[in-house]
Amino acid sequence: MAQQNRLIQDARYERRRRKLLKQIKGEIAIFPAAPEQPKSRDQLFPYQPNTDLLYLTGFEEAHSVLVLLGSTKGPRSILYLRDRDALHERWNGERLGLKRARRRFAVDEVHPIEAFESQLMKLLEPFQTLHYPAGVNPRIDQIIWRAFCSQTAPRVQGPHTIRDARLLTSLMRIRKDREEIRALRHICEITANAFVHIAPLLKSAKSELHAARMLEAEFFKLGAHGVAFNTIVASGKNATVLHHEPSLQPLWKRELVLIDAGASFQGYAADISRTIPPSGKFTDAQAKVYDVVLAALEASLERCQPGSDLEAIHTACVRALIRGLQELDIIKSPAPKAYNDAEYRRYYMHRTGHWLGLDVHDVAPIYCGEYLVPPSSRPLEPGNVFTVEPGLYFDSNDETVPPEFRGIGIRIEEDVVITATGAEVLTSGVPRARLEVEQLIR
Ligand code: GLY
Ligand code: MN
Ligand code: MN
């Protein structure tokens, strides 16, 4: 990625490493890159970096490992990576290489990745505890495990304990710094503008898949670096499948189309959903359901403030949905019973939001040991970023639902950052009020 096309500079990544180092005095942490994923024979899927390594370095190449040493003498940070290689680069593109990595990253040492295994024992020796995220890269897992197993008992040197390194990074990543919020705001604006651009073009889309690719093309035209997750474009009853994959099916003109998509910038994801009538007009039945979901969204947003939590937001959402479902004559029990018996879950089966950041479903603080608060009950504080995404999904054969509502699926999703005094909706560039959504088509 060109250095100038970035909002987060290398000094910020260095500050994050320093912050982590303060928490591992006398201990060692190792963060491997994610492996490349084969798609077909010698073809690979687009590379998806390990977001903890990305968070700590901004480096997006496979075959790299970051080592942080909480010692008072010797190097404190070492980056292992592939060196330059003209033949490989001819086929697969430019690598940063050791020399430039040394200049770019304020790490104490840079070594070729091939040296990692042979140097590992020596690195581990002075430490009792290793922080390591098992499962990210099976090949590095094996190297670590071999090193851990190889010493004769009783062990006198090297770590006795492996702790999940995500206990450290998740707590750092949950609260976004100023530059992260800038990156998130930027990518939410790009994604919102692309939604606004695509809405009037839906009429001419040949298929769900065509609409999805048109939207993604707009992301890149507006300066996005990537697509954060598989774009969902779902026409009519396909919208009742939460993660529907866009198909070659043409968009049904009188049906709604649900679009759930997000671009990415320096790894940071946006995640927007809108449900739009390609005809430019909601039918009466569609409008009634839309207004229930919209009311649930507004009720949820009211709960987005410091000190609240995701559980309270979800509860507000569910209570609003129950009220709406009663008005639509779908839930017939009194609200407390509908809530306690989770009668709404047949029509609203997901949570109201998730943390958002370098992962679209961003890391939640791990709930164990000294971290005794479940992530959904963690009091919200400035810098927390998450989605708010109520929906209703009526199966086309569901006889508990009046016939005019069957096959309707609606989700409206906004991305929110908690501020000192409340919350900012980062995705308000796409209208959500029903009449304004209709006007998007014209
Ligand atoms: N796009 C996936 C989600 O909204 O969680
Ligand atoms: Mn989401
Ligand atoms: Mn989404």
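Cut-offs and rules
Residues numbered from 1 in each chain as written. Chains lettered and ligands numbered in written order. Predicted model: local features only at pLDDT ≥ 70, side-chain atom pairs only at ≥ 80, totals over all residues. Heavy atoms only, no water. Pairing = 2+ DSSP bridges. Helix = DSSP H or I, 4+ residues; strand = E, 2+ residues; numbered from the N terminus. Axes fitted to C-alpha atoms, helices over the stretch in contact; angles between N-to-C directions. Contact = heavy atoms within 4.5 Å. Donors = N, O, S within 2.8 Å, 3.2 Å for Na, K, Ca; no water. Buried < 20%, exposed > 50% of the residue type's maximum accessible area, 1.4 Å probe, protein only. Domains from an automatic or database assignment. Buried area = accessible area lost by both parts, 1.4 Å probe. Salt bridge = Lys/Arg side-chain N within 4 Å of Asp/Glu carboxyl O. Polar contact = N/O pair within 3.5 Å; in protein donor to acceptor, adjacent residues only side chain to side chain. Near = heavy atom within 4 Å. Areas by Shrake-Rupley, 256 points an atom, 1.4 Å probe, with all protein chains shown as cover. 1 Å grid on protein atoms, 1.4 Å probe; cavity = no way out; pocket = protein on both sides within 12 Å on 5 of 7 lines; lining within 4 Å. Sits in = over half its atoms within 2 Å of the grid points. Nonpolar A, V, L, I, M, F, W, Y, C, P; charged D, E, K, R; others polar. Points joined across faces, edges and corners; volume = space filled by probe spheres on them.

1. Topic: the sheet that holds strand β14 (residues 272-276)
If you trace the three strands from one edge of the open sheet to the other, you get β10-β11-β14, paired in antiparallel fashion. The open sheet is flanked by β10 (232-235) and β14, the only strands paired with a single partner. In this sheet, neighbouring strand axes are inclined to one another by 10° on average, regardless of whether the strands run parallel or antiparallel. Two elements, strand β11 (residues 257-261) and β14, share five bridges in a ladder whose sense is antiparallel. Bridge assignment links L258 to a residue of β14, and that residue is T275. Relative to the sheet, helix α8 (residues 178-198) contacts β11 and β14, its axis offset from that of β14 by approximately 15°.

2. Digging into the coordination of the manganese ion (ligand 2)
Only D271 (OD), H354 (NE2), E389 (OE) and E413 (OE) from the protein coordinate the manganese ion (ligand 2), and they sit 2.0 to 2.2 Å from it. Ordering the donors of the manganese ion (ligand 2) by residue number gives the pattern D-x82-H-x34-E-x23-E. A separation of 3.2 Å is found between the manganese ion (ligand 2) and the manganese ion (ligand 3), which share D271 as a coordinating residue. Of this pair, E389 sits in the loop between β15 (385-388) and β16 (391-393) while E413 is found in the loop between β17 (409-411) and β18 (414-418), placing the two residues 24 residues apart along the sequence. Overall, the relative accessible area of 8% leaves E389 in the buried class. Owing to a relative accessible area of 0%, E413 belongs among the buried residues under this scheme.

3. Quick look at the domain arrangement of the chain
Per the domain assignment, the segments of the chain are domain 1 (3-172) and domain 2 (175-441). Placing a centre on the C-alpha atoms of domain 1 and another on those of domain 2 gives a separation of 35 Å. At the junction of the two partners, domain 1 supplies 19 residues and domain 2 supplies 23 residues. Across the interface of domain 1 and domain 2, roughly 1900 Å² is buried in total on both sides, 53% from carbon and sulfur atoms. Summed over the three residues of domain 1 that lose the most area to domain 2, namely L7, R12 and L171, the buried surface amounts to 32% of that side. Summed over the shared surface of domain 1 and domain 2, the number is four salt bridges. A salt bridge links R12 to E179; its shortest N-O distance comes to 3.7 Å. Between the two partners, domain 1 and domain 2, sit eight residue pairs in polar contact (both at pLDDT 80 or more).

4. Digging into the pattern of salt bridges
Enumeration according to the criterion identifies 32 salt bridges in this entry. Put simply, E381 and R175 hold a salt bridge, and the shortest N to O gap is 3.2 Å. Of this pair, E381 sits in the loop between α12 (335-340) and β15 while R175 sits in the loop between α7 (166-173) and α8; the two residues are 206 residues apart in sequence, bridging distant segments of the chain. Note that R378 is salt-bridged to E381, the shortest N-O span being 3.7 Å. Given a relative accessible area of 24%, E381 falls into the partly exposed group. What you see here is one network of salt bridges that share partners, running through R12, R16, D177, E179 and E180.

5. Digging into the site of ligand 1
By nearness alone, every residue bordering ligand 1 is listed as F229, D260, D271, H354, H361, E389 and E413. In this structure, an oxygen atom belonging to ligand 1 sits 3.2 Å away from a side-chain N or O atom of D271. The side chain of E389 places a nitrogen or oxygen atom 3.0 Å from an oxygen atom of ligand 1. Protein coverage of the free-state accessible area of ligand 1, which is 200 Å², stands at 90%. Of all the cavities here, the one that holds ligand 1 is the second largest pocket. Within the shell around ligand 1, the residues separate by chemical class into one nonpolar, two polar and four charged.

6. Quick look at the layout of surface pockets
One simple way to see leftover space: roll a probe sized like a water molecule over the atoms. Volume-wise, the largest pocket comes out at about 1500 Å³. Forming the boundary of the largest pocket are 46 residues, of which F45, P46, Y47, Q48 and P49 lie nearest the centre. Broken down by secondary-structure element, the contributors of at least two residues to the lining of the largest pocket are α2 (51-57), α3 (86-92), α9 (208-221), β9 (226-227) and β13 (268-269). In terms of residue count, the dominant contributor to the lining of the largest pocket is α3 (four residues). Tallied by class, residues from the lining of the largest pocket come to 20 nonpolar, 14 polar and twelve charged. When its volume is computed, the second largest pocket comes out at roughly 450 Å³. Forming the walls of the second largest pocket are 20 residues, and the residues nearest its centre are I232, L242, H243, D260 and H361. Class assignment of the residues belonging to the lining of the second largest pocket gives a composition of five nonpolar, eight polar and seven charged.

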